[in-house]
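Geometric and topological summary
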Amino acid sequence: MSRTHKLLVGGLLAAGFLGLLLFNFGQSVGGYMDFAQAESSGARAHVVGFWVPERGTRFDLARAEFSFWMRDESGNLRRVIYPGPKPAGFEDAERIVVEGRMREGLFYADRILIKCPSKYNDQVPAELKPSSNL
């Protein structure tokens, strides 16, 4: 086999590997969507919404799963199951972002991001305001 043939085979293998890598990366990273879109696509999704406190929360000790009901920004209501404890500041969250997949009408999240209202507060604490007698 000549050197040109070896370079051609190596280049084809590298291009095939890169194409497979990009295809798998695209399959694993879903965009922001609502529960209905996540359910119909079957893709990994980021869903933004609000906790529905009237439905409460639950922690299954045997499975170590935290679950709650969430309404997305389109108004779809789904139960979210998260394999871990309730995140800190959950009840005070302004909005919640869950990352995961829909299966059989339930959203299985592997990450929960809490949007804390105090983080986006425009008011400057008194101790951080500039002094007027400088």
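Quick look at the structure, then. (Residues numbered from 1 in each chain as written. Predicted model: local features only at pLDDT ≥ 70, side-chain atom pairs only at ≥ 80, totals over all residues. Heavy atoms only, no water.)

**Re the pattern of salt bridges**
Pairing of side chains with opposite charge becomes possible as their charged atoms draw close. Let me state the cut-off plainly: What makes a salt bridge here is a side-chain nitrogen of Lys or Arg within 4 Å of a carboxyl oxygen of Asp or Glu, nothing more. Strands here are runs of E lasting at least two residues and helices are runs of H or I lasting at least four, both read from the DSSP assignment and numbered beginning at the N terminus. Residue exposure (1.4 Å probe, protein chains only): buried if accessible area is under 20% of the type maximum, exposed if over 50%, otherwise partly exposed.
What the rule picks out here adds up to six salt bridges. Salt-bridge contacts for Arg 78 lead to Glu 39; the nearest nitrogen and oxygen are separated by 3.2 Å. Of this pair, Arg 78 sits in strand β4 (residues 77-82) while Glu 39 is found in helix α2 (residues 35-41), placing the two residues 39 residues apart along the sequence. By relative accessible area, which is 18% here, Arg 78 ends up buried. Across the salt bridge formed by Arg 111 and Glu 99, the nearest N and O atoms sit 3.6 Å from each other. With Arg 111 in strand β6 (residues 106-115) and Glu 99 in strand β5 (residues 95-103), this pair connects stretches of sequence that are 12 residues apart. Relative accessible area serves as the criterion here: at 43%, Arg 111 is assigned to the partly exposed category. Glu 99 gets classed as buried once you look at its relative accessible area, which sits at 6%. Taken together, the salt bridges that share partners define one network made up of Arg 44, Glu 99, Asp 110 and Arg 111.

By themselves, these figures tell us nothing about what the structure is for.
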